[in-house]
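Examining the three-dimensional arrangement
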Amino acid sequence: MKRICVFCGSSMGYQRIYREVAEEFAKQMASRKIDLIYGGASVGLMKVLADTLMAHGGHVTGIMPQHLIDKEVAHNGIHQMITVNSMAERKTQMLEMADAFVALPGGFGTLDEITEVLTLMQLRMSDKPLALLNIKGYFDYLLRFLDHGVSEGFIREEHRSSLIVSLEPKALLQKLNSFTPVEMDKWISDLKTESHAG
């Protein structure tokens, strides 16, 4: 695993622990010589992650739509900035370039990116792992929603289980390395059987 795309907030959050764990995660990536791909911003946890990784010798690539660059939120100090035309194109580039995905606390954009990767994993359009760094239980309500989806029959247990969750950066990176994607043929067959069971 050489490149991880990290989804996270353009805000800092109200509690310092978010920044501290983002810094620790960046250090762990740098120590393993894992490059960062991210949204390219010079604000929030995105900036913390990029600055910390570079301070410890890591390589950083940002991907940002032109309309956000025009608003002067682009990080001008990173190694490479890829300019795209839209948020959709940004996600496509991230999906192509990264070997794995990690989400730190964030808002609507982070949630959008998480669900896009989960959907592509489910459809086996991507075999790349996704992990949540669940700082201070930030993603607990999302995980409860996913568990509810399983209990109500709208999310399959194997897909819920394929989402890696960790409270600690080092353990998260270890889990990414042992990821195995879900076999698609079986669950599609199960869906057909269930749909005709009456």
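Residues numbered from 1 in each chain as written. Predicted model: local features only at pLDDT ≥ 70, side-chain atom pairs only at ≥ 80, totals over all residues. Heavy atoms only, no water.

Let's talk about the packing of helix H4 (residues 87-97) against helix H5 (residues 108-122)
Orientation of H4 relative to H5, taken along the N-to-C sense of each, is 55°, at an axis distance of 12 Å. If you check the angle between H4 and H5, you find them oblique. The two elements H4 and H5 cross, and the hand of that crossing is right-handed. Taken together, the residues of H5 that come into contact with H4 (itself represented by Arg90, Lys91, Met94 and Leu95) are Asp112, Glu113, Glu116, Val117 and Leu120. Considered class by class, the residues forming the contact of H4 with H5 number four nonpolar, no polar and five charged. (Axes fitted to C-alpha atoms, helices over the stretch in contact; angles between N-to-C directions. Helix = DSSP H or I, 4+ residues; strand = E, 2+ residues; numbered from the N terminus. Parallel < 35°, antiparallel > 145°, perpendicular 65-115°, else oblique. Left-handed = near helix turned anticlockwise from the far one by under 90°. Contact = heavy atoms within 4.5 Å. Nonpolar A, V, L, I, M, F, W, Y, C, P; charged D, E, K, R; others polar.)

Regarding the side chain of threonine 52
By secondary structure assignment, the location of threonine 52 is in helix H2 (residues 44-55). With near-sequence residues (within four places) excluded, threonine 52 lies in contact with Glu23, Ala26 and Lys27.

A closer look at the packing of aromatic side chains
Tallied over the entire structure, the rule returns three aromatic pairs. The interplanar angle of 85° and the centroid separation of 6.0 Å between the aromatic rings of tyrosine 18 and tyrosine 138 together place this pair among those described as edge-to-face. Taken together, the residues tyrosine 18 in helix H1 (residues 16-31) and tyrosine 138 in the loop between strand E6 (130-133) and helix H6 (140-151) connect sequence positions 120 residues apart. Looking at tyrosine 18, the relative accessible area reads 11%, which means it is buried. For tyrosine 138, a relative accessible area of 35% gives the class partly exposed. Joined through ring pairs, the aromatic side chains of Tyr18, Tyr138 and Phe139 make up one cluster. (Phe/Tyr/Trp six-rings, centres within 6.5 Å; stacked < 30°, edge-to-face > 60°. Buried < 20%, exposed > 50% of the residue type's maximum accessible area, 1.4 Å probe, protein only.)

Thoughts on empty space enclosed by the protein
Under the definition given, this model contains one cavity of 30 Å³ or more. The computed volume of the largest cavity comes to approximately 40 Å³. For the largest cavity, the full set of lining residues is Phe7, Lys91, Met94, Leu95, Glu113, Glu116 and Val117. Going through the elements one at a time, H4 and H5 are the ones with two or more residues in the lining of the largest cavity. Among the residues forming the lining of the largest cavity, the class breakdown is four nonpolar, no polar and three charged. (1 Å grid on protein atoms, 1.4 Å probe; cavity = no way out; pocket = protein on both sides within 12 Å on 5 of 7 lines; lining within 4 Å. Points joined across faces, edges and corners; volume = space filled by probe spheres on them.)

Here we look at the pairing of E6
Residues of E6 alternate between two faces, with Leu130 and Leu132 on one and Ala131 and Leu133 on the opposite face, all of them buried. Both strand E5 (residues 100-103) and E6 contribute to a ladder of three bridges, which runs parallel. Bridging from a neighbouring strand, valine 102 pairs with alanine 131 of E6. Following the backbone out of E5, through H5 and into the adjacent parallel E6, one traces a crossover that is right-handed. (Pairing = 2+ DSSP bridges. Right-handed = clockwise from strand over helix to strand, strands pointing away.)

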